[in-house]
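Here are the chains, one letter per residue:
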Amino acid sequence: MPELPEVESARRNLVHWLDGRRVVRAEADASRVFRGARPEDFASLRGRLKSLERRGKYLLFTFEKGRGLLAHLGMTGRFVRRPEGVPVPYSRARLHLDSGSVIHYADSRLFGRLEPCDASRLYELEAVKALGRDPLVDGLNAEQLQEALGSSRQDLKVALMDQGRVTGLGNIHAAEALFRAGLHPARKPASLTPEEWERLADAIHASLAFGLEEQQGEEPAYLEEGAENRFLVYGRAGTACARCGTPVESFTQGGRTTHCCPQCQPPHPGRKPSDARRKRASHRR
DNA sequence: GGAAACCTGAGC
DNA sequence: GCTCAGGTTTCC
């Protein structure tokens, strides 16, 4: 579930929690999140955090003594801090601090990933090397966006979610950015004008900035109970577009549900609407 | 390009 | 009971 804003928020929380503290003990349950690695390797994490960087949806931890950890939250992963002894549902791995707090990695669906390794090797890992430009870490302007996506023959939204081209956008923020830019998700990258690349680059930054604002506080906002949908089109199928009142549509694209406003995001600029398969989806909240 | 896989919970 | 989920990988 988490996209760039949620992962960045997790990074900031972790830095705050670990600032001036020492990990006195680390331990983990055997679980899928370790993939190739072993829980015992996680237990070798110790001491102070030297740095915590984010690339796309990955977190790269460097601890003293050269130990490193690559983390990905998958769909349901999150880091939470609790006092020693307080249980956390689906806790898979824990960092015990000298302050008496415990940082848990909790993950119900186990799509996440924890990979302990030598810190010097973090950026050599295939998963990290394969990542494209990160809009926040590396910056992203219209030219860089076009360079990353322009060669793709996939639909624009599918290309936007390709982590090897630009990293950090997921299903929500890709849809939100396209709405902000007034671009239909099924447009082909090759058809975009320089002005449209410009709008899209701006829209990506705006969407991510909005997502970050929503992530204040220590608990992931998307898990808050009764949280209302604050997005512009995501999850709003059938409801009125905030800009023009036309009902928001949803359809499937690259195996994922896409939301867009057919009025604000014309399928083919200058042409009649086309044939993108759409289905009248029920609302979600 | 699409579907299926990996998992569990929430919602209807 | 069935469908869907903000991710990624793998296999037709």
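What you see is a predicted model, and the numbers here were worked out from it, not measured in a lab. (Residues numbered from 1 in each chain as written. Chains lettered and ligands numbered in written order. Predicted model: local features only at pLDDT ≥ 70, side-chain atom pairs only at ≥ 80, totals over all residues. Heavy atoms only, no water.)

## Observations concerning the pairing of strand β7 (residues 101-107)
Inference 1: Where burial is concerned, most of β7 is hidden: seven out of the seven residues are buried.
Inference 2: Judged by which residues are buried, β7 turns out to be covered on both faces: Ser-101, Ile-103, Tyr-105 and Asp-107 on one side and Val-102, His-104 and Ala-106 on the other are all buried.
Inference 3: Sheet analysis places strand β5 (residues 77-83) next to β7, joined by seven bridges and oriented antiparallel. From the neighbouring strand, Arg-78 faces β7, where its bridge partner is Ala-106. (Buried < 20%, exposed > 50% of the residue type's maximum accessible area, 1.4 Å probe, protein only. Helix = DSSP H or I, 4+ residues; strand = E, 2+ residues; numbered from the N terminus. Pairing = 2+ DSSP bridges.)

## Some remarks on the protein's contact with DNA strand C
Inference 1: Taken together, the neighbourhood of DNA strand C is formed by 18 residues, with Met-1, Glu-6, His-72, Tyr-234 and Arg-256 sitting nearest.
Inference 2: In the interface set of DNA strand C, defined as its atoms within 4 Å of the protein, sugar plus phosphate atoms amount to 53%.
Inference 3: The separation between a phosphate oxygen of DNA strand C and a polar side-chain atom of His-72 is 2.7 Å.
Inference 4: Contacts to DNA strand C include Arg-256, whose side-chain N or O atom sits 2.6 Å from a phosphate oxygen.
Inference 5: Here the residues of the surface near DNA strand C sort into seven nonpolar, six polar and five charged. (Near = heavy atom within 4 Å. Polar contact = N/O pair within 3.5 Å; in protein donor to acceptor, adjacent residues only side chain to side chain. Nonpolar A, V, L, I, M, F, W, Y, C, P; charged D, E, K, R; others polar.)

## Things to note about the protein's contact with DNA strand B
Inference 1: All residues in the neighbourhood of DNA strand B are listed as Arg-32, Tyr-90, Ser-108, Arg-109, Phe-111, Arg-153, Gln-154 and Gly-254.
Inference 2: The sugar-phosphate portion of DNA strand B accounts for 63% of its atoms within 4 Å of the protein, the bases making up the rest.
Inference 3: Contacts to DNA strand B include Arg-32, whose side-chain N or O atom sits 3.5 Å from a sugar or linking oxygen.
Inference 4: Here a base oxygen of DNA strand B sits 2.5 Å away from a polar atom, N or O, in the side chain of Arg-109.
Inference 5: Looking at the surface near DNA strand B, its residues break down into two nonpolar, three polar and three charged.

## Let's talk about the sheet that holds strand β8 (residues 113-118)
Inference 1: Spatially, four strands are ordered β2-β3-β4-β8 in an open sheet, and the strand pairing comes out antiparallel. At either margin of the open sheet sits one strand with a lone partner, and together these are β2 (49-55) and β8. Looking at each pair of strands side by side, their axes are set apart by 15° on average, direction ignored.
Inference 2: Examined bridge by bridge, strand β3 (residues 58-63) and strand β4 (residues 67-72) share five bridges and lie antiparallel to one another. Within β4, the position partnered with Leu-59 by the bridge is Ala-71. (Axes fitted to C-alpha atoms, helices over the stretch in contact; angles between N-to-C directions.)

## Quick word on the packing of aromatic side chains
Inference 1: With the rule as written, the count across this model stands at five aromatic pairs.
Inference 2: Taken together, a centroid distance of 5.9 Å and an interplanar angle of 65° make the contact between Phe-34 and Phe-42 edge-to-face. The same class applies to Phe-34 and to Phe-42, which are both buried.
Inference 3: Positioned above the aromatic ring of Phe-179 is the side chain of Arg-243, whose terminal nitrogen or guanidinium carbon lies 4.6 Å from the ring centre. (Phe/Tyr/Trp six-rings, centres within 6.5 Å; stacked < 30°, edge-to-face > 60°. Lys NZ or Arg CZ within 6 Å of the ring centre and 35° of its normal.)

## Remarks on helix α1 (residues 4-18)
Quick reminder: α-helices carry 3.6 residues per turn. Residues three or four places apart thus point the same way.
Inference 1: Between its terminal C-alpha atoms α1 stretches 21 Å, which fits the 21 Å expected from 15 residues at 1.5 Å a residue.
Inference 2: Counting buried positions along α1 gives eleven out of 15 residues, so the element sits mostly inside the fold.
Inference 3: Buried within α1 are the following residues: Leu-4, Pro-5, Glu-6, Val-7, Glu-8, Ser-9, Ala-10, Asn-13, Leu-14, Trp-17 and Leu-18.
Inference 4: One or two steps after α1, the chain reaches Gly-20, where phi turns positive at roughly 75°. (Expected span 1.5 Å × (residues − 1).)

## Observations concerning the pattern of salt bridges
Should their charged atoms come close, side chains of opposite charge can pair.
Inference 1: In total, this model carries 17 salt bridges according to the counting rule given.
Inference 2: The salt bridge involving Glu-196 is made with Arg-187; its shortest N-O contact spans 2.8 Å.
Inference 3: The partner of Arg-199 in a salt bridge is Glu-195, with the nearest N and O atoms 2.8 Å apart. Highlighted residues: Arg-199 and Glu-195, both in helix α7 (residues 194-214), separated by four residues, approximately one helical turn.
Inference 4: Shared partners join several salt bridges into a network, and the residues in it are Glu-8, Arg-11, Arg-12, Arg-54 and Asp-134. (Salt bridge = Lys/Arg side-chain N within 4 Å of Asp/Glu carboxyl O.)

## Focus: the nonpolar core
Inference 1: Phe-42, Leu-59, Phe-61, Phe-79 and Leu-114 are the most contacted members of the largest nonpolar core, which totals 28 residues.
Inference 2: At the level of elements, α1, β1 (23-28), β2, β3, β4, β6 (91-97) and β7 are the ones that each hand at least two residues to this core.
Inference 3: With five residues, the top contributor of residues to this core is α1.
Inference 4: Dropping the residues within four chain positions of it, Leu-59 is found in contact with Val-7, Ala-10, Arg-11, Leu-14, Leu-52, Glu-53, Arg-54, Leu-69, Leu-70, Ala-71 and Phe-79. (Core = buried A, V, L, I, M, F, W, Y, C linked by side-chain atoms within 4.5 Å. Contact = heavy atoms within 4.5 Å.)

## Here we look at helix α4 (residues 142-149)
Inference 1: Buried within α4 are the following residues: Ala-142, Leu-145, Ala-148 and Leu-149. In an axial view of α4, the angular spread of the buried residues amounts to 130°, which keeps them on one side of the axis. Seen from the open side of α4, the exposed residues pointing more than 90 degrees away from its buried face are Glu-143 and Glu-147.
Inference 2: Tucked inside the fold, the buried residues of α4 contact α5 (156-160) and α7.
Inference 3: Capping the start of α4, Asn-141 holds a side-chain oxygen 3.1 Å from the backbone nitrogen of Glu-143, two or three residues further along. (Arc of directions from axis to C-beta.)

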